[in-house]
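Coordinates in review
Take a look at the letters that make up each chain.
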Amino acid sequence: GNAVGYFSSCLAALRGSSSTDGMAQEYPDWPLAEACGEAADYLTLVAGVLDTLKVNRQRMLERARSHWTTASNLADAIVRIGGFSFRSAHGIVGRLVREAGEAGLGPDDVQPALLDKVALDIAGRAAGLSEVQIREALDPLSFVATCVTAGSVNLDETRAMIAEGEAQWRADSDWLDAQHTRIA
């Protein structure tokens, strides 16, 4: 929070200054050093969290399956399979989630009859998805496996982004080392 604000205010103040301005002479008093210190403290905190993090994969999967985390994927399936507009499909899914919640039903309890009833109420026709299609659309593991776009949660895409980030980090580190050598 503060670090971002500090950086922004320093950049805004420097925008119109030159080396002959009084602003440039006052630079050491600006909050830039404090912002860098706060950012470094934050990174130290995050490193400690990551070093001690324990992931309970089974619990994560249970939570993902029980809390409508893939509701938008069901809307996409309604568009693809049922031929609805995105607006209608998301309206259908929103109402489905509300009605299922009011009835004490979770994602695993949704049947084609309930989905079709909601679709009829919203769009005037049945959604036309089978139970298998509904299950697949609402299954988090299926969603992760089939969501294959740049930046997505797909495992291969995530690995590619990590590799790209590591390559960029190495290139940046090499550049920084070269700059240190050049000015030393």
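This text gives an overview of the structure that appears in the document. (Residues numbered from 1 in each chain as written. Predicted model: local features only at pLDDT ≥ 70, side-chain atom pairs only at ≥ 80, totals over all residues. Heavy atoms only, no water.)

Moving on to the nonpolar core. Residues Leu74, Ile78, Ile92, Leu96, Leu115 and Leu129 are the most contacted members of the largest nonpolar core, which totals 23 residues. Ranked by residue count, the leading element in this core is helix α5 (residues 71-82), at 6 residues. Setting aside chain neighbours within four positions, we find isoleucine 92 in contact with Ile78, Phe84, Leu115, Val118, Ala119, Ile122 and Ala123. (Core = buried A, V, L, I, M, F, W, Y, C linked by side-chain atoms within 4.5 Å. Buried < 20%, exposed > 50% of the residue type's maximum accessible area, 1.4 Å probe, protein only. Helix = DSSP H or I, 4+ residues; strand = E, 2+ residues; numbered from the N terminus. Contact = heavy atoms within 4.5 Å.)

Taken as a whole and assessed by the stated rule, the structure comprises 8 salt bridges. Across the salt bridge formed by lysine 117 and aspartate 121, the nearest N and O atoms sit 3.4 Å from each other. Highlighted residues: lysine 117 and aspartate 121, both in helix α7 (residues 112-123), separated by 4 residues, approximately one helical turn. Its salt-bridge partner being arginine 135, residue glutamate 131 comes within 3.8 Å of it at the nearest N-O pair. Here glutamate 131 and its partner arginine 135 are both found in helix α8 (residues 131-138), 4 residues apart, which amounts to about one turn of the helix. (Salt bridge = Lys/Arg side-chain N within 4 Å of Asp/Glu carboxyl O.)

This paragraph deals with the packing of α5 against helix α6 (residues 86-102). Viewed as axis vectors pointing N to C, α5 and α6 meet at an angle of 135 degrees, and their least axial separation amounts to 8 Å. The angle between α5 and α6 places the two elements in the oblique class. Classified by chirality, the crossing of α6 by α5 is right-handed. Contacts from Ala71, Ser72, Leu74, Ala75, Asp76, Ile78 and Val79 of α5 reach α6 at Phe86, Ala89, His90, Ile92, Val93, Leu96 and Val97. The class makeup of the residues in the contact of α5 with α6 is 11 nonpolar, 2 polar and 1 charged. (Axes fitted to C-alpha atoms, helices over the stretch in contact; angles between N-to-C directions. Parallel < 35°, antiparallel > 145°, perpendicular 65-115°, else oblique. Left-handed = near helix turned anticlockwise from the far one by under 90°. Nonpolar A, V, L, I, M, F, W, Y, C, P; charged D, E, K, R; others polar.)

Let's shift gears to the layout of surface pockets. Empty space within the largest pocket amounts to approximately 380 Å³. Broken down by element, the lining of the largest pocket gets its largest block of residues, 5 residues, from helix α4 (residues 57-66). Tallied by class, the residues present in the lining of the largest pocket amount to 8 nonpolar, 1 polar and 1 charged. Here the second largest pocket defines a volume of roughly 180 Å³. Lining the second largest pocket, in full, are Asn73, Asp76, Ala77, Arg80, Ile81, Gln133, Glu136, Ala137, Ser142, Phe143, Thr146 and Cys147. Only α5, α8 and α9 (140-146) provide two or more residues apiece to the lining of the second largest pocket. Counting residues per element, the lining of the second largest pocket draws most heavily on α5, at 5 residues. Here the lining of the second largest pocket is composed, by residue class, of 5 nonpolar, 4 polar and 3 charged. (1 Å grid on protein atoms, 1.4 Å probe; cavity = no way out; pocket = protein on both sides within 12 Å on 5 of 7 lines; lining within 4 Å. Points joined across faces, edges and corners; volume = space filled by probe spheres on them.)

From the geometry alone we can't say anything about function, so treat these as descriptive.
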